[in-house]
Amino acid sequence: MNAAVSTSAGVLEARNIVKTFSVRREGRTREVRAVNDVSVAVAPGEIVGLVGESGCGKTTLSRIMIGIEQPTQGEVRYGGKPVADRADWAALRRSVQYVFQDPFTALCPTMRIGKALAEPLAIHGLCAPSERDGKVARMLEMVGLHPDVARRMPNQLSGGQRQRVNLARALMVEPKILICDEIVSGLDVSVQAQVLQLLLDLKQRLDLSLIFISHDLRVIRYLCDRVLVMYLGEIVEQGETASVFDNPRHDYTRTLLAAIPDHSRALAAMADNA
Amino acid sequence: MEPVLSVENLSVRFPGRAGDITVVDDLSFSLEAGRSLVIAGESGSGKSMACQTLLGIAPGSARVTATRIGWRGRDLQKLSQEDWRGVRGAEIAMIFQDPTAALNPLITVEHQIVDAVRAHRRCSRDEARARAVEVLGMAGFPDAAQRMKSYPSELSGGLRQRVAIALALANAPSLIIADEATTNLDVSIQAQIVKLLRELQKKLGMALIFVTHDLGLAAEIGDDLLVMYAGHAVEYGPARGVLADPCHPYTRGLLRSAPTLKSSRDNPLVPIPGQPPQPGSIGGGAPFRSRCPVSVAGVCETARPGWSEAGPGHLVACHRFAQDGRRGLP
Ligand SMILES: Nc1ncnc2c1ncn2[C@@H]1O[C@H](COP(=O)(O)OP(=O)(O)OP(=O)(O)O)[C@@H](O)[C@H]1O
Ligand SMILES: Nc1ncnc2c1ncn2[C@@H]1O[C@H](COP(=O)(O)OP(=O)(O)OP(=O)(O)O)[C@@H](O)[C@H]1O
Ligand code: SF4
Ligand SMILES: [Mg+2]
Ligand SMILES: [Mg+2]
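Residues numbered from 1 in each chain as written. Chains lettered and ligands numbered in written order. Predicted model: local features only at pLDDT ≥ 70, side-chain atom pairs only at ≥ 80, totals over all residues. Heavy atoms only, no water.

A. Highlighting the nonpolar core. If you look at the biggest cluster of nonpolar residues, it comprises 65 residues, and the most contacted ones within it are B:Ile113, B:Leu136, B:Ile176 and B:Leu225. Considering each element in turn, this core owes the most residues, 8 residues, to helix α7 (residues 157-169) of chain B. Setting aside residues up to four positions removed in sequence, B:Ile113 forms contacts with B:Ala132, B:Val135, B:Leu136, B:Ala166, B:Leu167 and B:Ala170. Formed by 56 residues, the second largest nonpolar core is a distinct cluster that contains A:Leu145, A:Val191, A:Leu198 and A:Tyr222. (Core = buried A, V, L, I, M, F, W, Y, C linked by side-chain atoms within 4.5 Å. Buried < 20%, exposed > 50% of the residue type's maximum accessible area, 1.4 Å probe, protein only. Helix = DSSP H or I, 4+ residues; strand = E, 2+ residues; numbered from the N terminus. Contact = heavy atoms within 4.5 Å.)

Here it is, written out as structure tokens:
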């Protein structure tokens, strides 16, 4: 990312982030370095993909970018200024939303879906109480769910249904930036295509920015303008998605690309073996 | 060969305001030792619910009925609580869609696996610990001897999922039910786990039910493929036959909306138009009728399609196909 872009309005940036966890085990303390000097920036209307080995620090990095986790070193900047105190973080959270990796624990188990979706509207005073139900219903339909889902409890929904409720909840406040941690992996590919289309529409219409974490490189290739490849807490390769995928430079990127299951490829291989 | 598992006419219903809501409707399939069945299909179509009934752990409010759920000569519906203790986790193990729920947050990974091993086998803690290291290694959990001393909250999503896989492997079960077990894993680990499950099947004659949305993965791991839509099986047969010549309009719609490495925004993915029906609203007709481009007037609204044969062992539940062999959708 060049400096001119990173200082402009609306850019969310993480600079030189380091995160170590101390783990106490059998009386001894050990340091785990989860993120090691990583910088990321996302501009309005841009979709940045984050891929990498499981455990390489993607979730940790994104949690730092919305202030759920404190970095050991480095800073988060929004609109060109460091996000330093509580007031700054509160301002950031009005425009940046996060959809968690785990759809099962992200929703309050005792709150009906409709209430969970209307809550952010109430907290941020975004619309008249009489309009809330209508907004909730429309948002549910946008993510491919029936408006009746509003009456259900989280434990009455399937995994993919919960995943979409979480996305709907994040979109309720019309964020400028959305961080999505593995949100389409549990969806059938038709619903997945619908959700990806929705995200692309929001990018087009509202200049929504996305940081999109996924293990599915086919989805990353389809959706993202740029991609960052992480390995053991560091960014090992980045660039325009098409050029990284067509000419991977790092060995780890090559390994990832080679391991993608593809039904056309698998069928061709089976035909060869037959 | 005699199947180890045979599910006959399984239905799962939940009580609703206006009568029961059926989420799994008259599902039948069977599985031989050493073979794998992939279940794919719509989100919310009843895949997890069907799997849970095989382990006797459907939610308390669910009403489960079946003509028979045959498991190695027994009917799982007739097992006592006591019998179940010997089956669940030992003969049949499940890897849940939600790895966090399968793990106790207050206990280290090591203890959880040691406890699981000792629940079914008489052995010392050291032997059980050695087994824990072994199965964690199989599941691709790095540096197992050291890191198994972690608590689940100290692990990334994918590492937790590998612990769940290791737990399922702990007692060398005869059937593993993997409900989206590799969804949160990067593709190289996923490939490693698929390979491992394949080897276990060959070596130990283990049977496998593998729920996934990834049709590429289905082609790699599945001997058979069952496609579900709105609680119904709509297509069933050898994975390779079904994927080479998908016959149900829903299966075709799915394949068409799947991204491949060549997909780009210039060539947008096409979701299946329309929305799935609300569970319980299908009535007597064909489950896909509200979205089907080739429905048969006067038939699909009122009659449930039965199986027609589309190839060797390849079954499709579609009136259009039964009538004139047409497959609908390009
Ligand atoms: N406790 C419950 N009460 C009522 N309905 C429920 C309950 N649990 C699940 N359902 C409904 O049953 C249907 C089947 O759910 P299931 O979890 O089996 O879906 P699935 O095929 O596994 O979907 P996914 O791919 O999203 O995980 C869904 O429509 C869901 O909303
Ligand atoms: N609270 C914690 N205490 C100790 N270690 C932690 C903690 N949270 C994360 N870690 C470790 O930090 C590393 C990075 O974890 P993170 O969750 O960011 O990975 P990830 O890239 O999101 O992986 P996945 O794809 O599996 O979700 C992992 O090795 C993890 O075990
Ligand atoms: S033709 Fe009828 S039975 Fe076949 S998929 Fe369409 S609606 Fe269903
Ligand atoms: Mg993660
Ligand atoms: Mg499920």
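B. Focus on the coordination of the magnesium ion (ligand 5). Residues and elements named next belong to chain B. Within the first shell, the magnesium ion (ligand 5) binds the protein through Ser48 (OG) and Gln97 (OE1), at distances of 2.0 to 2.3 Å. Of this pair, serine 48 sits in helix α1 (residues 47-54) while glutamine 97 sits in the loop between β7 (92-95) and α3 (99-102); the two residues are 49 residues apart in sequence, bridging distant segments of the chain. Assigned by exposure class, serine 48 and glutamine 97 land together as buried. (Donors = N, O, S within 2.8 Å, 3.2 Å for Na, K, Ca; no water.)

C. View of the site of ligand 2. Within the structure, ligand 2 sits among 20 residues, and A:Ser54, A:Gly55, A:Thr59, A:Thr60 and B:Gly158 are positioned closest to it. Chains contributing residues to the immediate surroundings of ligand 2 are chains A and B. Contact distances for ligand 2 include 2.7 Å between an oxygen atom and a side-chain N or O atom of A:Ser54. Compared with its free state, where it exposes 640 Å², ligand 2 has 87% of that area covered by protein. Of all the elements in the fold, those that place two or more residues in the shell around ligand 2 are α2 (58-65) of chain A together with α7 of chain B. (Near = heavy atom within 4 Å. Polar contact = N/O pair within 3.5 Å; in protein donor to acceptor, adjacent residues only side chain to side chain. Areas by Shrake-Rupley, 256 points an atom, 1.4 Å probe, with all protein chains shown as cover.)

D. Quick peek at the pattern of salt bridges. Residue and element names in this part refer to chain B. All told, the structure shown has 27 salt bridges over all chains when counted by the stated rule. Among the salt bridges present, the one from arginine 129 reaches aspartate 126, with a minimum N-O distance of 2.7 Å. Residue arginine 129 and its partner aspartate 126 are located together in helix α5 (residues 125-138), separated by 3 residues, close to a single helical turn. Here the salt bridges do not stand alone but share partners, grouping Glu110, Asp126, Arg129 and Lys149 into one network. (Salt bridge = Lys/Arg side-chain N within 4 Å of Asp/Glu carboxyl O.)

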